[in-house]
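# Residue-level structural notes
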Amino acid sequence: MASKEPCSVVHWFRKGLRLHDNPALLACLKPIDGSASDELPILRPVYIIDPWLTKNIKCGHNRRRFFLQTLQDLDCSLRKLGSRLYVARGDPELVFGILFTKWNVKRITWEEDTEPYSKERDARISILAAERGIEFETRISHTLYNPESIVAHNLGSVPLTMQKLTSVVQSIGHPAKTVEAPNCLENFLPQSLDDAEYNLPTSEELDIDESQCGPCLYPGGENEALRRLDDKVCFEKAKWVREFEKPQTSPNSLEPSTTVLSPYLKYGCLSARTFYWRLIDVYSGAKHSKPPVSLMAQLYWREFFYTAGSQIKNFDKMKGNAICKQIPWDNNPTMLEAWANAKTGYPFIDAIMTQLRTEGWIHHLARHSVACFLTRGDLWQSWEKGKEVFEELLLDADWSLNAANWMWLSASSFFRQYFRVYSPIAFGKKTDPNGDYIRKYLPQLRKFPNEYIYEPWNAPFAVQKAAGCIVGTDYPKRIVEHSQVLKQNLGRMKRAYADNSKTENSNMESSPVPSKKQKSQD
Ligand code: FAD
């Protein structure tokens, strides 16, 4: 007689690529109702490489490498528990259509996701599971709170200012406590771990070209995420954590002046709640900075934009997006190319874009500077185009956070003080007067005297010659003249605001990061 196929339970990893604080994974590990005690299931932790995502999300070599490292780390942690990661390929509905039968699946769990494609995909999988009589359970753990409950506490409307969001979450109280990582899988049938069909992808499969990758400064994976959290948010650094004020951190320090936990939060290698509760520990009742500038507030910014992104239709677009001003941006591919490839002729901007392309992470105020430059400040190109470049190059590229911050910087939503423009010359000088950051990322300018490092076009020809770098030959001429285009762009913004005024949502932020000190630097 043929032996009966043992049953399985599936935890489907998508974001949330971790074992710690993973309530959906724990839900998967519960005993199956009504099953005989001698009928142990097999645990099948699954990741699906979905061609829709590969086709529709721009993902550069650095992030693909980070992602592969993350899967490798997760598989390694699961193997230590006697399990493994099963990596399947294909449309999730088709994949599960086969696996549900093949593995005799009784339960599937996953962490909820808020992006439009994910919601629609998950709805299809829930229907499929229900049709097959498979129990499915989901949990919310990518954000501190359930975005729906934030909206409910805000009387059914989406908070559209950080102040509002902060007051709402503070009225809710602390987010849920974190849950422990599983430490043994004794209630599961031991399994053969060498089924090659579900092996991890190789770098060839993910099309990672090492020659296109920069130095691996931020390796992927949960273990590295927890190590980094321990290193950055710890009692030894309590003073830094407690006194943290985002506008006082530097966009152009040679070592990051903020935590660089964003890539780990993006993939869920690190739980936002683990970060939150660590902060509570380190604050431990002592005096500390407050929202909107504190380190805790950075998690609130994330919550703010996740909540908005989960509720507002076409959040990542200008058209059809109810909170986004309709601005007649130019469409000049040459300008976009120059910006994206660090060829604007403004050393501060080009150094930031070089750091982004080679290392995959740049400071928040560096993001402000280049985003303002591309849009309302200088080049008058659409924020959607800039967002696409960030989507490709950032390790932390995140659907909600990227769109929200680009709307902010282009004064298309959330922020409306469009007359506060970053100078591509003066802003960087404040924190790095000698231009060490520029010298690091643009070595062709290394020998320029401090006086000209932010404005090499002003250097006399003899100085350029002595520095071994002639502007227009070895380094590009300025793509636009900031002081001239600024006047023109302010006029265009003024007109665009007037044209939008009838439909404008007046409920917008008036005082964002950065601080007052950073008014127009022109
Ligand atoms: P920290 O200052 O150490 O903050 C801790 C965490 O708080 C971050 O890891 C991040 O998860 C969250 N956080 C901090 N600032 C913000 C913010 N303004 N909005 C939302 N969450 C925040 N962040 C992304 O994670 N993904 C993106 O795709 C992204 N795109 C951006 C695009 C633009 C144009 C701008 C101006 C900002 C963007 N940000 C994005 C927000 C912010 O710049 C990064 O989260 C931050 O710089 C990450 O560095 P960190 O981890 O050292 O931050």
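Residues numbered from 1 in each chain as written. Predicted model: local features only at pLDDT ≥ 70, side-chain atom pairs only at ≥ 80, totals over all residues. Heavy atoms only, no water.

All right, on to the overall build of the chain then. Along the backbone of the chain there are 22 helices and five strands. Taking 2.2 N^0.38 as the reference for a compact globule, 522 residues should give roughly 24 Å; the C-alpha atoms of the chain span a radius of gyration of 25 Å, in line with that estimate. Its C-alpha atoms put the chain at 90 × 50 × 45 Å along the principal axes. The contacts in the chain between residues at least 6 apart in sequence include a share of 80% that link residues at least 24 apart. (Helix = DSSP H or I, 4+ residues; strand = E, 2+ residues; numbered from the N terminus. Rg over C-alpha atoms; globule rule 2.2 N^0.38 Å. Contact = heavy atoms within 4.5 Å.)

What follows covers empty space enclosed by the protein. By the definition in use, this model includes five cavities of 30 Å³ or more. Roughly 770 Å³ of internal volume is contained in the largest cavity. Mapped by element, the contributors of at least two residues to the lining of the largest cavity are helix 10 (262–267), helix 12 (295–311), helix 15 (364–377) and helix 17 (399–409). Of the residues belonging to the lining of the largest cavity, the class tally is 20 nonpolar, nine polar and six charged. No fewer than three residues from each of domain 2 (143–179 + 220–311) and domain 3 (333–482) sit in the lining of the largest cavity. (1 Å grid on protein atoms, 1.4 Å probe; cavity = no way out; pocket = protein on both sides within 12 Å on 5 of 7 lines; lining within 4 Å. Points joined across faces, edges and corners; volume = space filled by probe spheres on them. Nonpolar A, V, L, I, M, F, W, Y, C, P; charged D, E, K, R; others polar. Domains from an automatic or database assignment.)

In this model, the largest pocket occupies a volume close to 1,300 Å³. Along the lines of polarity and charge, the residues of the lining of the largest pocket split into 20 nonpolar, eight polar and 21 charged.

With that settled, consider the environment of Cys324. Within the secondary structure layout, Cys324 lies in the loop between helix 12 and helix 13 (333–340). According to the relative accessible area criterion, Cys324 is buried, its value standing at 6%. The sequence separation of Cys324 and Val282 amounts to 42 residues, and the corresponding C-alpha distance is 38 Å. Non-local contacts of Cys324, meaning those with residues more than four positions away in its chain, are made with Lys317, Met318, Trp383, Met407, Ser412 and Ser413. (Buried < 20%, exposed > 50% of the residue type's maximum accessible area, 1.4 Å probe, protein only.)

Moving on, we come to the packing of aromatic side chains. Per the counting criterion, the structure on display carries 36 aromatic pairs. Relative to Trp103, the ring of Tyr86 lies with its centre 5.2 Å away and its plane at 65°, an arrangement referred to as edge-to-face. With Tyr86 in strand 3 (residues 86–89) and Trp103 in the loop between helix 4 (92–102) and strand 4 (105–111), this residue pair connects regions lying 17 residues apart in the sequence. By relative accessible area, which is 1% here, Tyr86 ends up buried. (Phe/Tyr/Trp six-rings, centres within 6.5 Å; stacked < 30°, edge-to-face > 60°.)

As a packed pair, helix 16 (residues 383–393) and helix 17 sit with axes 10 Å apart at the nearest point and diverge in direction by 140°. Here helix 16 lies oblique to helix 17, going by the angle between them. Read as a crossing pair, helix 16 and helix 17 show a hand that is right-handed. Between helix 16 and helix 17, the residues in contact are Trp383, Gly386, Lys387, Phe390 and Glu391 and Asn402, Ala403, Trp406 and Met407, respectively. Across the contact of helix 16 with helix 17, the residue classes tally to five nonpolar, two polar and two charged. (Axes fitted to C-alpha atoms, helices over the stretch in contact; angles between N-to-C directions. Parallel < 35°, antiparallel > 145°, perpendicular 65-115°, else oblique. Left-handed = near helix turned anticlockwise from the far one by under 90°.)

Here we take up the domain arrangement of the chain. Taken domain by domain, the chain holds domain 1 (1–140), domain 2 (143–179 + 220–311) and domain 3 (333–482). Relative placement of domain 1 and domain 2: their C-alpha centres are 27 Å apart. Opposite the 21 residues of domain 1 that make contact, domain 2 presents 24 residues. Both faces considered, domain 1 and domain 2 share a buried interface measuring about 2,000 Å² in area, 51% of it formed by carbon and sulfur atoms. Area buried by domain 1 at its contact with domain 2 is led by Asp21, Phe66 and Ile140, which between them contribute 32% of it. Asp21 serves as the salt-bridge partner of Arg273, at 2.7 Å between the closest nitrogen and oxygen. Summed over the shared surface of domain 1 and domain 2, the result is 16 residue pairs in polar contact (both at pLDDT 80 or more). For the side of domain 1 that touches domain 2, the secondary structure elements donating two or more residues are helix 1 (23–28) and helix 3 (61–80). Take the side of domain 1 that touches domain 2: its biggest share by element is seven residues, from helix 3. Residue composition of the side of domain 1 that touches domain 2, grouped by class: seven nonpolar, seven polar and seven charged. (Buried area = accessible area lost by both parts, 1.4 Å probe. Salt bridge = Lys/Arg side-chain N within 4 Å of Asp/Glu carboxyl O. Polar contact = N/O pair within 3.5 Å; in protein donor to acceptor, adjacent residues only side chain to side chain.)

Here we take up the packing of helix 14 (residues 347–359) against helix 15. Two elements in contact, helix 14 and helix 15, have axes separated by 10 Å at closest approach and are oriented at 115°. Considering only the axes of helix 14 and helix 15, their crossing is left-handed. Contacts between helix 14 and helix 15 involve Phe348, Ile349, Ile352 and Met353 from the first element and Ala366, Ser369, Val370 and Phe373 from the second. Its residues assigned to classes, the contact of helix 14 with helix 15 shows seven nonpolar, one polar and no charged.

Counting 137 residues, the largest nonpolar core has Phe13, Val233, Phe275, Leu279, Phe315, Trp339 and Phe414 as its most contacted members. It is helix 12 that provides the largest number of residues to this core, a total of nine residues. In terms of nonpolar packing, the next biggest core, distinct from the first, is built from 19 residues, Val10, Phe96, Ile108 and Ala129 among them. (Core = buried A, V, L, I, M, F, W, Y, C linked by side-chain atoms within 4.5 Å.)

Quick look at the site of the ligand now. Thr258, Thr259, Val260, His364 and Asp396 are the nearest of the 30 residues found near the ligand. Contact between the ligand and Val260: an oxygen atom at 2.6 Å from a main-chain N or O atom of the residue. At 2.7 Å from an oxygen atom of the ligand is found a side-chain nitrogen or oxygen belonging to His364. Taken by itself the ligand offers 820 Å² of open surface, and the protein chains cover 99% of this. A majority-of-atoms criterion places the ligand in the largest cavity. At the level of elements, helix 10, helix 12, helix 15 and helix 17 are the ones that each hand at least two residues to the shell around the ligand. (Near = heavy atom within 4 Å. Areas by Shrake-Rupley, 256 points an atom, 1.4 Å probe, with all protein chains shown as cover. Sits in = over half its atoms within 2 Å of the grid points.)

Another point: the confidence of the model for the chain. The predicted model of the chain has a mean per-residue pLDDT of 94, with 95% of residues at 70 or higher. Across residues 510–522, confidence stays below pLDDT 50; counting only partners more than four residues off in sequence or on other chains, it has 42 contacts. (pLDDT = per-residue confidence, 0-100.)

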